[in-house]
Amino acid sequence: MSSSSSKLDLAARAAWMYYVAGNTQNEIAERLGISRQMAQRMVAYAGASNLVKVQITHPISSCLELAQGLQQRYGLEVCRVVPSNAGAAVEDDAQGVQQMLAVAGAELMEQYLRQEEPLIVNVGSGRTLKAAIEKITDMERPQHQIVSMIGAFASDGSANRYDVALLAAEKMQSRFYLLPAPRVAENEADRKQWCNHRAYQIVTGLAQRADVTFLGIGTIALQGAMHEDGFIDDDEVAQLQKQGAVGELICHAFDAAGNMLHSPLAARITTPPLSSPPAKPVIALAGGRKKAEAVRGALRGGWLTGLVTDEYCAQFALQD
């Protein structure tokens, strides 16, 4: 790589962190391993070089290469890779990466959602997916139908904090459909009752005909989303981990090879199953060091046609 390309890469990386993730110049300097003065110059150089408009127009070469590598390795139709905060603490990394994933994810989602042709759009849940939808430009698409793929409430009746169907529908003035069931039923018999209800069948019937699906990738771990929100307890986390679980897609746990796991929990999940390979586009938004194994497992299982992730997860998925 030429010195000019390296300088543009560094400037683009600094611009991502400054304009998208909202990092200060001190934070940029610390995370990129450069002086504060250099960070200031790189942000200024990005502006002078016309890299910064509404978005970063110069793609970071390493991110492009990683995206191309993931597409080739895993047969993806589309892939976006955003910069990682290599020098950040794990929690700071997750927050910074989430903002960058949200911007890149919103841009990709809009390519589908702006279509005039009526679409059935499946959505999962999660912090990153919600953050991306919040960044989508408001548009009038009353012809679209937004379908939530996960149960609308917990066993105690409380709503899912990260359900995005209503938010997406409000952004597009579209109709939306919530899955009328708890995310995890009390037992297998209870699950069958929920899943045999006419309203449930209508919503899942729509989901099966979806033109595109957007979802997150969760981890099976203490303080992972399903555990934090009370859908699984400490013992269930330990049991799933003993079976080799590394992640979940719309609550369905899978191992490092991407195989969906048969478990007592699986018999209680009300979310409809995914198909591998998908018949229609299924695009996931996930990144950060804690998600690396889960992202790689989802790719290995062939559950996705598209991915928006960060450099760390991309590199991890290309190691083997």
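Residues numbered from 1 in each chain as written. Predicted model: local features only at pLDDT ≥ 70, side-chain atom pairs only at ≥ 80, totals over all residues. Heavy atoms only, no water.

Caption draft 1: Region of interest: the overall build of the protein chain. Looking only at helices and strands, one finds 13 helices and 10 strands in the protein chain. Over its C-alpha atoms the protein chain spans a radius of gyration of 20 Å, differing by no more than 12% from the 20 Å that the globule rule assigns to 320 residues. Considered along the principal axes of its C-alpha atoms, the protein chain spans approximately 65 × 45 × 35 Å. Within the protein chain, residue pairs in contact and separated by at least 24 positions form 72% of the contacts whose partners lie at least 6 positions apart. For the protein chain, the computed accessible surface area is about 14500 Å², with 48% contributed by carbon and sulfur atoms. Side-chain charges of the protein chain comprise 29 positive and 34 negative groups, with the mean position of each set lying 4 Å from the other. (Helix = DSSP H or I, 4+ residues; strand = E, 2+ residues; numbered from the N terminus. Rg over C-alpha atoms; globule rule 2.2 N^0.38 Å. Contact = heavy atoms within 4.5 Å. Areas by Shrake-Rupley, 256 points an atom, 1.4 Å probe, with all protein chains shown as cover. Lys, Arg positive; Asp, Glu negative; His and termini not counted. Charge placed at Lys NZ, Arg CZ, Asp CG, Glu CD.)

Caption draft 2: Structural context of the sheet that holds strand 8 (residues 252–255). Spatial ordering of the open sheet is given by 6-7-8, a layout of 3 strands whose pairing is antiparallel. Looking at which strands have only one partner, the edges of the open sheet turn out to be strand 6 (218–219) and strand 8. In this sheet, strand 7 (residues 245–249) lies alongside strand 6 in antiparallel orientation, the contact comprising 2 bridges. For G218, the partnering residue across the bridge sits in strand 7 and is E248. (Pairing = 2+ DSSP bridges.)

Caption draft 3: Spotlight on helix 7 (residues 165–172). Taken together, the buried positions of helix 7 are occupied by A165, A168, A169, K171 and M172. With its buried residues spanning 160 degrees around the axis, helix 7 presents them on a single face. Looking one or two residues past helix 7, Q173 carries a phi angle of roughly 55 degrees, positive in sign. (Buried < 20%, exposed > 50% of the residue type's maximum accessible area, 1.4 Å probe, protein only. Arc of directions from axis to C-beta.)

Caption draft 4: Structural context of the packing of aromatic side chains. Evaluated as defined, the whole model comprises 2 aromatic pairs. The interplanar angle of 85 degrees and the centroid separation of 5.0 Å between the aromatic rings of Y18 and Y19 together place this pair among those described as edge-to-face. Summarising the aromatic geometry, the rings of Y112 and F214 are spaced 5.9 Å apart at their centres and angled 80 degrees between planes, so their arrangement reads as edge-to-face. Of this pair, Y112 sits in helix 5 (residues 90–113) while F214 sits in strand 5 (residues 212–216), placing them 102 residues apart in sequence. Of the two residues examined, Y112 and F214, each falls in the buried class. (Phe/Tyr/Trp six-rings, centres within 6.5 Å; stacked < 30°, edge-to-face > 60°.)

Caption draft 5: Spotlight on the nonpolar core. Residues L70, M109, F214, I217, L299, L304 and L307 are the most contacted members of the largest nonpolar core, which totals 81 residues. Examining the composition of this core, we find that 10 residues originate from one element, helix 5, more than from any other. When residues no more than four places from it in sequence are discounted, the contact partners of M109 are L129, A132, I133, I136, F214 and L285. By size, the runner-up hydrophobic cluster in this structure holds 13 residues, among which are M226, F231, I232 and A245. (Core = buried A, V, L, I, M, F, W, Y, C linked by side-chain atoms within 4.5 Å.)

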